[in-house]
Every structure is written in structure tokens, then in C-alpha cells.
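Coordinate inspection notes
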There are 2 protein chains.
Amino acid sequence: MRKLKESRRPEIIDAALAVAADRGLDALSMRAVAQRVGVTPMALYGYFRTKDELLEAVVGRLLEEIPPAPPGLGWREMLQHLAYGLRSVAGRYPAVLPVLLTRPAVSPGAIRVVDVVYRALLDAGVPHGQVARLERMFSTLAIGHILSEMSGRFGAGTLDPPARRAQLSPESLPGHHTLGAHLDQPVDWDDEFTANLRDMCDLAAALAAADTNPQATH
Amino acid sequence: MRKLKESRRPEIIDAALAVAADRGLDALSMRAVAQRVGVTPMALYGYFRTKDELLEAVVGRLLEEIPPAPPGLGWREMLQHLAYGLRSVAGRYPAVLPVLLTRPAVSPGAIRVVDVVYRALLDAGVPHGQVARLERMFSTLAIGHILSEMSGRFGAGTLDPPARRAQLSPESLPGHHTLGAHLDQPVDWDDEFTANLRDMCDLAAALAAADTNPQATH
DNA sequence: TCACCCCAGTATACGGTGTAGACCAGTCTA
DNA sequence: TAGACTGGTCTACACCGTATACTGGGGTGA
């Protein structure tokens, strides 16, 4: 089977998304997808050469599911709209997130998303030479945050924070000691995501200002 | 086996790193690690309750390999030292990187690293209530950048940028069109990493300034 | 000296995974 | 009507994480 079939690709991608959505990360197996489609596992290999390839297609579809921004938004709102859209889409299909951070965005849907970010940053007045970098920074942070949050990196691991800190002598962790109770308060990840987003926008604004007003830099 | 043994943990972690380093992350199986140690797979479960727990320990060891910062550094230099240190360690064991972004940092080594960031941000004057968030933002960005860079997300994928853009009608990608040649220039990832780091430090400084000088916000 | 227990490590097995390779029933075409 | 193509099946392989049951040897108390 040199050339891949096209006909049922969308159907398969849908099935994969459905499986990821309601049976979770680890359950996204070729067998599970195949069963959902109503077909033998090996039949999928007529449409995708490997599971990885299927996942890439899933990511493409996922980005296309981000609703397009309503017209007339300011650049901050556009970036917010995109980030929240990505977050909610990712929340529905957490299993494919790692793929998002390790594969180049080559599908048409992905390029469309990148273009929205470019436009927003240009609107913000970020110098042309820095737009691409800032887009990478923005997407890295957004995806990284969502991934960390959903995979549990921001969680407590096997120990809760106080017990964890007790492992080490307090005076060897002056930072933790100074912050004290701040560290034990529960975090609202929605708020944190919003705050990070605001900071990134401020950063873009600062870069824009530094460009039109060079002596203000540093 | 309620309580875990300690004696050979370091040896096992070393073996895991070695396996990941020279056979890739996919080959990092309990069986492979066990073989490296010269023991039966099930013997590992006397030292780690699950594979996940082993991976957490591996992350810890990796962070411990970051050389400690020389004393007397300013907060920007401390953050830089840490970020570059992480980047070079990650370069030695690229396969373990995804683990860094998906497991909580609970080992003593990891906590030490987090503490260094806390101290730097406190030195910078970031308000106590925002230090933890900024640390997460900082680490997410640093790890995310390194991971993206090393896994090829920042690369061109199967198409080079011009060909990729040609897939879509140019007028549907105004951002790409406006940026034009800027997008085709090769990127120096060292420079980009440094620039992102600088921006993050500026962000911290801005938050600190907004705190001591509230009317300057927004 | 002997019996006991503890403990590190082993052996086996279960239910899962991705996927290679051979095969097969229809349908379309020469 | 024979042959090729197409879409799918079936079987099998090598591997995964890990639960359960076991074993051989050293240390200790009687």
C-alpha cells in the first residue's frame, strides 16, 4: 500500500477525537479507534501509515476546531480569543497535546492560526523582525501551559507541597521559606492562564513601544 | 512491599538516563532499564512503585546536574545561568525532555532549582503573590522552548516555508504576506533563547515596578 | 546446631500495545 | 471471462507495565 486512501480519513479522525474525548489519554489506541469506526484495526493503516501520522492529522483537525475570531476585535482580544479557543479545544482532547508541542504546524488549519497571531502582533506594533519570535514564544507558552496543567506537572506529584518541602532543611530553601503560605494556596488555573496571557500581551506592547520610542529601552 | 528500598535507586536512575540517552525515550522501558542494571524487570519495583515514579526521579537527577550558580550573581544572571544550564543538560539527554514538561518537580533537586528561581524573582521585586505564577511561566517557557527546538517543532516540517505558504492563497494569509522575507531567514536558536530570556526578565522587572509604583500599571 | 524469618531478586503470566504479512471477497475494466 | 485493483480481515510478533507467587541465602534467637 504505497499510496494512502483518502475517503474515510475524516471519519477516522472523528473517531480518534471521540475516543480521546471520552475514554481518556491512554485509551487512544488503534484498536479503540478502529472499533469506533466499526472496522478492523489494520484497516486504519490504509489511511494512515502510523499512529503518529493519525495523531498529526488529529492535531490539524483540532486547530481547525478553534472558532474563527469575530471581526473587529483588537489585537489583545484576538490573541485572547485564540488562546482560550486552543485551551478549550485542548481540554476536550488532552491526549493529542504533546503532539502539538513537538511537531511543526504544517496543516492549513495550523498555518491559519499562526497567521492570526502574526496579524495581532503586527497590529500591536511589534517590529517585523521580532514577530516570528514572539509568535513562537506565545505559542510555546500557551501550549506548554495547557500541557503542564493537564498532564499534572503543575500538580503536587506524589507528595503534597508542605510534605515535599519538609524533605529539605528549611534554611536551604530560603525562597520557599520567604513565600511561605503563598505556596500552599490552591491555584485557579483559569486565572493563571489569563494572567499569563495578559503578561504576554504587555510584553508585546512593550516591544512595540521600545521600537517607536527607542530611548525608552532599558 | 509497602516500604521502598533505597540502596540501588541512584544506580537505577543512572541506568534509565543511559538508556534514554542512547536508545531514545521510546526505548526507556522497565525491561531495558533492568537489563542495564543487570537485574530482572520486577526487581525495579522494589525501588519504584511504578514507571512514573522512576521517571519523576529521573527528572530530579537531571535537574541536579545543572551546575549551581556561582555566588554574587544578580537576579537576571541567576535566571540566565539556570536557563542555560537547563538547556545544556537537556542537550545531553534530549529524550527525557518531554518528561520535564509533564511530571511535577518533586525531587529535592527539582525543588532546589525552583527555589533558585523564587529567590531571583524575589530579588527582582516581584510581589510575593505572583512569584509562584511567574516561576511556572518561566519554567514552562524555558522547557517548552528547548523541547520545541530539539524536537523540530520550530523546524519547517515536511515543507519549507515558501512552499508551505503556497498551499494557501496569499491573500488569506495577510500576516505571512506582510512579513514576507522575514519569515524565510534562518533563525539562530541561541539568540532566540537569549532574547526570550531577556524578555521574561523584563517582564519580571515590569511586574516589580508596577508593584512599587501602582499607578504606572496598564 | 537448628529453626525461623526476612529480604532481594526471580519466574511466570495477564491483558494490553503498534504493526507486518498473507489472504480474501467483491467490483471494475480490458 | 480473466485479470487487476480495492478495501478489509485474520493471524502473528515483539514488546509493554505490572500483579502474583515463589526461591535461595543470610541473620538471629533458642
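This one's a predicted model, so the numbers in the text were calculated from it and none came from an experiment.

Some thoughts on the overall build of chain A
- Check the secondary structure of chain A and you find 10 helices and zero strands.
- Counted from the first residue to the last, chain A has its helices and strands arranged as α-α-α-α-α-α-α-α-α-α.
- Here chain A holds 218 residues, and 39% of them are scored as buried.
- Put simply, of all contacts in chain A between residues at least 6 apart along the chain, 64% involve residues at least 24 apart.

Observations regarding the relation of the copies chain B and chain A
- Take chain B, turn it by 180°, move it 0.4 Å along the axis, and it overlays chain A with an RMSD of 1.3 Å. The superposition of one copy onto the other is thereby described by a two-fold rotation axis. Proximity to the rotation axis, assessed at the C-alpha, singles out L141 of chain B in chain B; its C-alpha lies 2.7 Å from the axis.
- When the interface residues of chain B are mapped onto chain A, 96% of them are again interface residues, pointing to one common binding face.

Focus: the protein's contact with DNA strand C
- Not every one of the 15 residues close to DNA strand C is listed here, only the nearest: S29, T50 and K51 of chain A together with T40 and M42 of chain B.
- For the surface near DNA strand C, the element with the most residues is helix α2 (residues 30-37) of chain A, which contributes three residues.
- Partitioned by chemical class, the residues of the surface near DNA strand C number seven nonpolar, four polar and four charged.

Quick word on the interface of chain B and chain A
- Between chain B and chain A, the residue contacts involve 55 residues of the former and 53 residues of the latter.
- Those elements giving two or more residues to the side of chain B that touches chain A turn out to be α3 (51-64), α5 (97-102), α6 (108-124), α7 (128-151), α9 (174-179) and α10 (189-212) of chain B.
- Split by residue class, the side of chain B that touches chain A holds 25 nonpolar, 18 polar and 12 charged.

Thoughts on the protein's contact with DNA strand D
- Surveying the vicinity of DNA strand D reveals 16 residues, the closest of which are T40 and M42 of chain A together with S29, M30 and K51 of chain B.
- A total of three residues in the surface near DNA strand D trace back to one element, the largest contributor, which is helix α2 (residues 30-37) of chain B.

Description of the UniProt feature "DNA-binding region" (unreviewed entry) in chain A
- In the numbering used here, UniProt assigns the "DNA-binding region" (unreviewed entry) feature to residues 29-48 of chain A.
- The distance separating the terminal C-alpha atoms of residues 29-48 of chain A is 13 Å; by composition the span is 40% helix and 0% strand.

Focus on the packing of α6 of chain B against α7 of chain B
All names here are of chain B.
- One way to put it is that α6 packs onto α7 with a least axis distance of 10 Å and a crossing angle of 120°. Judged by the inter-axis angle, α6 sits oblique to α7. Crossing geometry of α6 relative to α7 is assigned as right-handed. Residues V114, V117, Y118, L121 and L122 of α6 lie in contact with α7, whose contacting residues are V131, L134, E135 and F138.
- Counted by class, the contact of α6 with α7 contains eight nonpolar, no polar and one charged residues.

Description of the nonpolar core
- Core analysis: the largest hydrophobic core is formed by 128 residues, its most contacted members being A16 and V117 of chain A together with A16, V58 and V117 of chain B.
- Each of two domains, domain 1 (1-49) and domain 2 (50-154 + 187-216) of chain B, supplies a minimum of three residues to this core.
- Leave out the neighbours within four places in its chain, and V58 of chain B touches I13, A16, L17, V96 and V99 of chain B.

Examining the confidence of the model for chain A
All names here are of chain A.
- Looking at chain A, the pLDDT average stands at 86 and 88% of residues meet or exceed 70.
- The element-level mean pLDDT for chain A is lowest in helix α8 (residues 161-166), coming to 59, with α2 highest at 96.
- We note a pTM of 0.84 for the whole complex and an ipTM of 0.81 for its interfaces.

Description of the packing of helix α3 (residues 51-64) of chain A against helix α6 (residues 108-124) of chain A
Residues and elements named next belong to chain A.
- With their axes 7 Å apart at the nearest point, α3 and α6 run at an angle of 45° to one another. In terms of their interaxial angle, α3 and α6 are classed as oblique. As for the relative orientation of α3 and α6, their crossing is left-handed in sense. Along the contact surface, α3 presents G60, L63 and E64, while α6 presents G109, A110 and V113.
- Here the residues of the contact of α3 with α6 sort into three nonpolar, two polar and one charged.

Details of the environment of L179 of chain A
- Structurally, L179 of chain A can be placed in helix α9 (residues 174-179).
- Note: C-alpha distance between L179 of chain A and L73 of chain A (106 residues apart in sequence) is 39 Å.
- When near neighbours in sequence (up to four residues on either side) are disregarded, L179 of chain A contacts Y118, H128, V131 and A132 of chain B.

Re the environment of L207 of chain A
Residues and elements named next belong to chain A.
- Topologically, L207 is positioned in helix α10 (residues 189-212).
- L207 sits 77 residues away from Q130 along the chain, and the two C-alpha atoms are 8.7 Å apart.
- Not counting chain neighbours up to four residues away, the residues in contact with L207 comprise V126, P127 and Q130.

Details of α3 of chain B
All names here are of chain B.
- The end-to-end C-alpha distance of α3 is 20 Å, a good match for the 20 Å that 14 residues give at a rise of 1.5 Å each.
- Counting buried residues along α3, 10 of its 14 residues qualify, which places the element largely inside the surrounding structure.
- By the burial criterion, the buried members of α3 are L54, L55, E56, A57, V58, V59, G60, R61, L62 and L63.
- Contact partners of the buried residues in α3: α1 (9-23), α4 (75-92), α5 and α6.

Conventions used here
Residues numbered from 1 in each chain as written. Chains lettered and ligands numbered in written order. Predicted model: local features only at pLDDT ≥ 70, side-chain atom pairs only at ≥ 80, totals over all residues. Helix = DSSP H or I, 4+ residues; strand = E, 2+ residues; numbered from the N terminus. Buried ≥ 20, exposed ≤ 12 C-beta atoms within 10 Å, placed from the backbone. Contact = placed C-beta atoms within 7 Å. Least-squares fit on C-alpha atoms with pLDDT ≥ 70 in both. Near = placed C-beta within 6 Å. Nonpolar A, V, L, I, M, F, W, Y, C, P; charged D, E, K, R; others polar. UniProt positions renumbered as here; feature names shortened; annotations may be inferred. Axes fitted to C-alpha atoms, helices over the stretch in contact; angles between N-to-C directions. Parallel < 35°, antiparallel > 145°, perpendicular 65-115°, else oblique. Left-handed = near helix turned anticlockwise from the far one by under 90°. Core = buried A, V, L, I, M, F, W, Y, C linked by C-beta atoms within 7 Å. Domains from an automatic or database assignment. pLDDT = per-residue confidence, 0-100. Expected span 1.5 Å × (residues − 1).

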